[in-house]
Amino acid sequence: MGRTVIPYSRQMQYIESSLGQYRRGLRKPDQEIFDELIRTAKLQVQAGVMASSPYPIDIMLLTMMIDLKKEILRLKKESETFRSQE
């Protein structure tokens with residue numbers, strides 16, 4: 001008996017390819033950021049599999065937001081460290 005649910009990693013590939021024209025419409029620096037966000041989502045594929053959401057784009061976007069929040073917190077901490085050294 002075959003699978004009834006498309007694997008999450010394959011759904012991610014489909015979403016990435018369906019956004020191909022959108023990506024091409026972005027300016028070059030924005031294309032690089034888009035690619036980095038897609039890579040971020042791919043790094044957390046195991047969490048996406050566990051979420052088993054009917055809408056994989058939701059999980060991909062959530063993963064991207066988590067990574068961005070981590071970056072913001074890192075920058076805040078770096079900024080506070082810099083300020084305390086003055």
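The rules we used
Numbering of residues starts from 1 in each chain and follows the order in which that chain's sequence is written. Local features in a predicted model are, by the rule used here, given only for residues with pLDDT of at least 70; side-chain atom pairs are given and counted only at 80 or more, and totals for whole chains, interfaces and linings are based on all residues. Side-chain descriptors were evaluated using all non-hydrogen atoms of the structure, hydrogens and water having been removed beforehand. Fitted lines through C-alpha atoms serve as axes, helices being fitted only where they are in contact, and the angles separating the N-to-C directions of these axes extend from 0 to 180 degrees. Numbering goes from the N terminus for both helices and strands, where a helix is a DSSP run of H or I of at least four residues and a strand is a run of E of at least two. Note that the term roughly parallel is reserved for angles under 35 degrees, roughly antiparallel for angles over 145, roughly perpendicular for angles of 65 to 115, and oblique for everything else. Every residue pair with non-hydrogen atoms within 4.5 Å of one another is taken to be in contact. For this classification, the nonpolar set comprises Ala, Val, Leu, Ile, Met, Phe, Trp, Tyr, Cys and Pro, the charged set comprises Asp, Glu, Lys and Arg, and every other residue, Gly included, is treated as polar. To estimate the expected span of a helix, count its residues, drop one, and scale the result by 1.5 Å. Relative accessibility decides the category of a residue: with a 1.4 Å probe and only protein chains considered, values under 20% of the type maximum give buried, values over 50% give exposed, and everything between is partly exposed. Working definition of a nonpolar core: buried Ala, Val, Leu, Ile, Met, Phe, Trp, Tyr and Cys residues. They are joined through side-chain atoms within 4.5 Å. The pLDDT score gives, residue by residue, the confidence of the prediction method on a 0 to 100 scale.

- The protein is annotated in an unreviewed UniProt entry as DUF8156 domain-containing protein of Leptospira dzoumogneensis.

A few points about the packing of helix α3 (residues 28-43) against helix α5 (residues 56-85)
Move 1: Across the interface, α3 lies against α5 with an axial gap of 8 Å and an inter-helix angle of 105°. As far as their axial angle goes, α5 and α3 are roughly perpendicular. Between α3 and α5, the residues in contact are Leu-37, Ile-38, Thr-40 and Ala-41 and Met-60, Thr-63, Met-64, Asp-67 and Leu-68, respectively.
Move 2: Grouping the constituent residues of the contact of α3 with α5 by class yields six nonpolar, two polar and one charged.

Some details on α5
Move 1: With 30 residues, α5 ought to run about 44 Å at 1.5 Å a step, and its terminal C-alpha atoms sit 44 Å apart, in line with that.
Move 2: Of all the residues in α5, the buried ones are Pro-56, Ile-59, Met-60, Thr-63 and Met-64.
Move 3: Considering only its buried residues, α5 is in contact with α1 (8-18), α3 and α4 (45-51).

Points about the nonpolar core
Nonpolar side chains in soluble globular proteins tend to be buried together.
Move 1: Of all hydrophobic cores here, the largest spans 10 residues; its members are Tyr-8, Met-12, Ile-15, Leu-26, Phe-34, Ile-38, Ala-41, Ile-59, Met-60 and Met-64.
Move 2: The set of elements that each furnish at least two residues to this core consists of α1, α3 and α5.
Move 3: The contacts of Ile-59, once residues within four sequence positions are left out, are Tyr-8, Gly-48, Ala-51 and Ser-53.

Here's the deal with the packing of α1 against α5
Move 1: One can describe the packing of α1 onto α5 by two numbers: an axis separation of 10 Å at closest approach and a directional angle of 85°. By the angle class used here, α1 and α5 are roughly perpendicular. The residues of α5 that touch α1, namely those facing Tyr-8, Gln-11, Met-12 and Ile-15, are Pro-56, Ile-57, Ile-59 and Met-60.
Move 2: A per-class count over the contact of α1 with α5 returns seven nonpolar, one polar and no charged.

Some details on the environment of Gln-85
Move 1: Mapping Gln-85 onto the fold places it in helix α5.
Move 2: A residue is classified by how much of its surface remains accessible, and Gln-85, at 62% relative accessible area, is exposed.
Move 3: A sequence separation of 73 residues divides Gln-85 from Met-12, and the C-alpha atoms of the two residues are 44 Å apart.

Side note on the environment of Glu-80
Move 1: As for its placement among the helices and strands, Glu-80 is situated in helix α5.
Move 2: A relative accessible area of 51% means that Glu-80 is categorised as exposed.
Move 3: Expressed as a C-alpha distance, the spacing of Glu-80 and Met-12, which sit 68 residues apart in the sequence, is 37 Å.

A word on the confidence of the model for the protein
Move 1: In the predicted model, the protein carries a mean pLDDT of 90, and the fraction of residues at 70 or more is 97%.
Move 2: Summarising per-element confidence for the protein, the mean pLDDT is lowest in α4 (88) and highest in helix α2 (residues 20-25) (95).

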